[in-house]
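In case you want the letters, here they are:
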Amino acid sequence: MANKTVSDSNLLRTLFNLWPYMWPNERPDLKMRVVWASVYLLISKFVLLLVPYFFKWSTDALNGKTDLHTSLPPLLTGAIALIIAYNLTRLIQLALNQLRDALFASVGQYAVRKLAFKTFVHMHELSLRFHLERKTGGLSRIIERGTKGIETIVRFTILNSVPTVIEFLLTAFIFWWGYGFSYLAVTAFTVWAYIWFTIRASDWRISIRRSMNDSDTDANTKAIDSLLNFETVKYFGNEEMEAKRFDKSMEKYEKAATDVWTSLGWLNFGQGVIFGLGTTVMLVLSGLAVQRGEQTVGDFVFVNSMLLQLAVPLNFIGFVYREIRQGLTDIEQMFDLLEVKAEVTDAPDANPLSIAQGAISFKDVHFAYDAARPILKGISFDVPAGKTVAVVGPSGAGKSTLSRLLYRFYDIQSGAITVDGQDIRGLTQKSLRSAIGMVPQDTVLFNDTVAYNIRYGRPGASDAEVKTAAEIAQIAHFIDLLPEGFETKVGERGLKLSGGEKQRVAIARTVLKAPPILILDEATSALDTTTEGEIQTALDAVSKNRTTLVIAHRLSTVIGADEIIVLKSGEIAERGTHAALLAKDGLYASMWNRQREATQAEEHLKQVRESDDLGVVTRLAPAT
Ligand SMILES: Nc1ncnc2c1ncn2[C@@H]1O[C@H](COP(=O)(O)OP(=O)(O)OP(=O)(O)O)[C@@H](O)[C@H]1O
Ligand SMILES: [Mg+2]
């Protein structure tokens, strides 16, 4: 029982949420279409009720009987004229229905587009944490099914539910008025039983369908994840394991989908039995009356065709109810998605960042992704305007976390981060982010051209500006070598480029953005020492007079920094200039020495290679 009330309130909530899309205030033309569609629909219902009358009249005319209930205009009494009229009304009714559908199509499509748009925008508003925890494949399926569900619902609620009730009321009235109370009673009881059964059976089927949707989403997520990891699967030769995992999800889907079809069979059969019983009773009643001479054969035919006609919307009620509930199942998930609140939001009184020089300050910052595991434990440091501060330290120390916090992907638990003295929690996210340029640790590119990816830094940039940015980032030379130059496609996530090339594209687009504040997170980590040296020169030029936060593993790249902060397990272990830290002979000095040894070994190896190309392998062993 508790379950049922929950799903009913969801139904009401969903219909409530959908209303503005079915009756869009900003589109009076669409509202007019809804009105006209309803008018055509009402007319078509009245025309529809004329159809059995013409059939009855032509039957009686063919039998040579006069009608017991209606006095006909003399023109219409010819049997052939009546037969033609009978078919003509059917045709008119059909035409009206088509007109209604055509009018309403644009209303439905508009609702679909508007909601899909809203969901898409919302997804970008949600925080990084949400996206890291969500599966992108599953997410896109939810949107796809949700938008389809809207189309169904918008269409069926407005155009079918109310009119079907009207048609039933008209039919009931005609039976009562023309043939007496018992005919009304049997019709009403049959319809009630039919609807009751349909709703019960459909509710049962919806739970089956839900589990089908779940396993469908699950199988899809697995397939996409597996394909995204194509290379990894090959590295470990785990194709068979992947296939088995996928097949297991598909097996669940297979079973659920089969149940959906079997249950549909039961539903249709049950509906047929109920309606069949009702029709039998009505026709027996009418048949007896014909034998008693109280009704004509025309009346018998009339009752039969009225019932057949009623079966159409009733059949539709089942269909509409199923569709609406199924659509709701799908939309429910989409609206749940729309109701997820963004973790990081602009404060109600948020101001745009007024940037002077871009001085950054971290004051006693405490932060944890998970309350159970603190990552930053009271970090304080300043990056004065136009200066460069480097953060170094072991992997997992929390270096990249600093850059995510400055971008305000997460809110800190205590302390403050300020830019030019303004707490970033009081700023609009847009203004804050537009002031910062980021070259991330792992660059992911859009599956488009090189030019598109560079221009992403400033979408309005001219071709010449894109080219200059590419030159500054030392990637122009590489692009010239490509057969299609700037128009070369980079592949999904940019995988057709090497790590170093991707990183340089990322640098180029940041150069194009030209922000007052720069964050370089291991910007040169994927490059060999020679290229690194070249890019370092470029980066130095870019970061000149810009407030720059450099995160680096290779200490050789941060010698020139105004201050170096050594981060260890979320705490500042040491800080100072390169020279001061070396003199201190602590953690930094030991890291420096280790790296220098490694570099020397590398240099040595290079010399060996240059002097003798063939002996590399044998000479390698003693060198290491
Ligand atoms: N979204 C997240 N949810 C939970 N924990 C996270 C998340 N992102 C990072 N962490 C954890 O926070 C810690 C710090 O991560 P961070 O990326 O800042 O390290 P880092 O110093 O940049 O390391 P590296 O030098 O390897 O890039 C890591 O131990 C990591 O596991
Ligand atoms: Mg990192």
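Keep in mind the model is a prediction, meaning the values are calculated, not measured.

Colleague: Before we move on, can you summarise the overall build of the protein with the specific residues and values?
Modeller: Per the secondary structure count, the protein includes 19 helices and ten strands. Against the 2.2 N^0.38 benchmark of 25 Å for 624 residues, the protein shows a C-alpha radius of gyration of 37 Å, more extended than a compact globule. With respect to the principal axes defined by its C-alpha atoms, the protein has extents near 120 × 60 × 50 Å. The buried share of the protein, reckoned over its 624 residues, is 45%. At a minimum sequence separation of 6, the contacts of the protein that also span at least 24 residues come to 76%. Accessible area of the protein: about 32600 Å², with a carbon and sulfur share of 61%.

Colleague: Break down the domain arrangement of the protein for me, with residues and values.
Modeller: The domain architecture assigned to the protein consists of domain 1 (14-339) and domain 2 (360-584). Each of domain 1 and domain 2 was reduced to a C-alpha centroid, and the two centroids are 56 Å apart. Each partner contributes residues to the interface: domain 1 has five residues there, and domain 2 has five residues. Summed over both sides, the interface of domain 1 with domain 2 buries roughly 450 Å², with 57% coming from carbon and sulfur. Ranking the residues of domain 1 by area buried against domain 2 places Leu 128, Arg 129 and Leu 228 at the top, with a combined share of 86%. On inspection of domain 1 and its partner domain 2, the count reaches zero salt bridges. Counting every contact that joins domain 1 to domain 2 gives one residue pair in polar contact (both at pLDDT 80 or more). With three residues, helix H4 (residues 128-133) is the largest single contributor of residues to the side of domain 1 that touches domain 2. Considered class by class, the residues forming the side of domain 1 that touches domain 2 number three nonpolar, one polar and one charged.

Colleague: Let's hear about helix H3 (residues 79-125): which residues, and what values?
Modeller: Compared with the 69 Å implied by 1.5 Å per residue over 47 residues, the 69 Å span of H3 between its first and last C-alpha is a close match. At Phe 104, H3 is deflected by roughly 30°, the largest bend along its length.

Colleague: Let's hear about the nonpolar core: which residues, and what values?
Modeller: Of all hydrophobic cores here, the largest spans 42 residues; its most connected members are Ile 454 and Tyr 588. Sort the elements by how many residues they give to this core and helix H15 (residues 499-513) lands first, with six residues. Discounting residues that sit within four places of it in the chain, Ile 454 has contacts with Val 466, Ala 469, Ala 470, Ile 479, Phe 486, Val 505, Ala 508, Arg 509 and Leu 512. Counting 32 residues, the second-largest nonpolar core is a separate cluster that includes Val 365, Val 391, Leu 405 and Leu 406.

Colleague: With reference to specific residues and values, describe the sheet that holds strand E7 (residues 517-521).
Modeller: Spatially, E6-E7-E8-E3-E9-E10 is the arrangement adopted by the six strands of the open sheet, whose pairing is mixed. The open sheet is flanked by strand E6 (436-439) and strand E10 (571-576), the only strands paired with a single partner. Strand after strand, the sheet turns through a mean of 15° between neighbouring axes, direction not considered. Pairing of strand E3 (residues 388-392) with strand E9 (residues 563-568) involves four bridges; the strand directions are parallel. Paired with Val 389 across the bridge in E9 is Glu 563. Contacting E3, E6, E7, strand E8 (547-551) and E9, helix H10 (residues 399-406) runs over the sheet at an angle of about 150° to E7. In this fold H15 packs onto E6 and E7, with an angle of close to 170° to the strand it touches most, E6.

Colleague: Please set out the site of ligand 1 residue by residue, giving values where relevant.
Modeller: Taken together, 16 residues lie near ligand 1, and Arg 373, Ser 395, Lys 399, Thr 401 and Gln 441 sit nearest. For ligand 1, whose free accessible area comes to 630 Å², the fraction covered by protein is 72%. In terms of residue count, the dominant contributor to the shell around ligand 1 is H10 (four residues). Tallied by class, the residues present in the shell around ligand 1 amount to five nonpolar, seven polar and four charged.

Colleague: Report on the pairing of E7, specifying residues and quantitative values.
Modeller: Across the five residues of E7, five count as buried, placing the element largely inside the fold. Residues Ile 517, Ile 519 and Asp 521 point to one face of E7 and Leu 518 and Leu 520 to the other, with burial holding for every one of them. Here E6 runs beside E7; their pairing, made up of four bridges, is parallel. Bridge pairing in E7 links Val 439 to Leu 520.

Colleague: Got a sec to walk through the side chain of Ser 361? Specific residues and values, please.
Modeller: Within the secondary structure, Ser 361 is located in strand E1 (residues 360-367). A polar contact is formed between the side chain of Ser 361 and the side chain of Asp 382, at a distance of 2.7 Å. For Ser 361, the contacting residues outside a window of four places in its chain are Phe 381, Asp 382, Ala 416, Ile 417 and Thr 418.

Colleague: Could you give an account of the layout of surface pockets, with specific residues and numbers?
Modeller: When its volume is computed, the second largest pocket comes out at roughly 550 Å³. Surrounding the second largest pocket, 25 residues form its lining, Leu 48, Gln 93, Gln 309, Val 312 and Pro 313 being those nearest its centre. Contributing elements (two or more residues each) for the lining of the second largest pocket: helix H2 (28-63), H3, helix H5 (136-179) and helix H9 (297-339). For the lining of the second largest pocket, the class distribution of residues is 14 nonpolar, seven polar and four charged.

Colleague: Any chance you could break down H15 for me, citing the residues and the numbers?
Modeller: Residues three or four positions apart in an α-helix share a direction because the helix packs 3.6 residues into each turn. The terminal C-alpha atoms of H15 lie 21 Å apart, and with 15 residues this matches the ideal 21 Å at 1.5 Å per residue to within 8%. Counting buried positions over the 15 residues of H15 gives 13, a clear majority of the element. Taken from the residues just after H15, Ala 514 is the one with a positive phi, measuring 45°.

Colleague: Tell me about the pattern of salt bridges, and name the residues and values.
Modeller: Per the counting criterion, the structure on display carries 23 salt bridges. With a shortest N-O distance of 2.9 Å, Glu 343 and Arg 129 are connected by a salt bridge. Placement of the pair is Glu 343 in the loop between H9 and E1 and Arg 129 in helix H4, with a sequence separation of 214 residues. Residue Arg 141 pairs with Asp 216 through a salt bridge whose shortest N-O separation is 2.6 Å. Placement of Arg 141 in helix H5 and of Asp 216 in helix H6 (residues 181-228) is noted, with a sequence separation of 75 residues between them. Judged by relative accessible area, which is 14%, Asp 216 ranks as buried. Three or more residues are tied together by salt bridges with common partners; here these are Arg 141, Arg 145, Arg 209, Asp 216 and Asp 330.

Colleague: Describe a negative patch on the surface, and please don't skip the residues or the numbers.
Modeller: Judged by side-chain charge, Asp 528, Glu 534, Glu 602 and Glu 603 come together as a negatively charged surface patch. Position of Glu 534 among the secondary structure elements: in helix H16 (residues 529-543).

Colleague: Describe in detail the sheet that holds strand E4 (residues 414-419), supporting the description with residues and values.
Modeller: The sheet built from four strands is open, its strands ordered E2-E1-E4-E5 with antiparallel pairing. The sheet is open, and its two edges are formed by strand E2 (376-383) and strand E5 (422-423), each paired on a single side. Summarising the sheet, E4 and E5 pair through two bridges and their orientation is antiparallel. Pairing of Val 419 across the sheet is with Gln 422, part of E5. Along the sheet, H10 makes contact with E1, E2 and E4, crossing E1 at roughly 110°.

Procedures and definitions
Residues numbered from 1 in each chain as written. Chains lettered and ligands numbered in written order. Predicted model: local features only at pLDDT ≥ 70, side-chain atom pairs only at ≥ 80, totals over all residues. Heavy atoms only, no water. Helix = DSSP H or I, 4+ residues; strand = E, 2+ residues; numbered from the N terminus. Rg over C-alpha atoms; globule rule 2.2 N^0.38 Å. Buried < 20%, exposed > 50% of the residue type's maximum accessible area, 1.4 Å probe, protein only. Contact = heavy atoms within 4.5 Å. Areas by Shrake-Rupley, 256 points an atom, 1.4 Å probe, with all protein chains shown as cover. Domains from an automatic or database assignment. Buried area = accessible area lost by both parts, 1.4 Å probe. Salt bridge = Lys/Arg side-chain N within 4 Å of Asp/Glu carboxyl O. Polar contact = N/O pair within 3.5 Å; in protein donor to acceptor, adjacent residues only side chain to side chain. Nonpolar A, V, L, I, M, F, W, Y, C, P; charged D, E, K, R; others polar. Expected span 1.5 Å × (residues − 1). Bend = angle between axes of the 7 residues up to and from the residue. Core = buried A, V, L, I, M, F, W, Y, C linked by side-chain atoms within 4.5 Å. Pairing = 2+ DSSP bridges. Axes fitted to C-alpha atoms, helices over the stretch in contact; angles between N-to-C directions. Near = heavy atom within 4 Å. 1 Å grid on protein atoms, 1.4 Å probe; cavity = no way out; pocket = protein on both sides within 12 Å on 5 of 7 lines; lining within 4 Å. Points joined across faces, edges and corners; volume = space filled by probe spheres on them. Patch = residues over 30% accessible without salt bridge, like charges linked within 9 Å, V, L, I, M, F, W, Y side chains within 5 Å. Lys, Arg positive; Asp, Glu negative; His and termini not counted. Charge placed at Lys NZ, Arg CZ, Asp CG, Glu CD.

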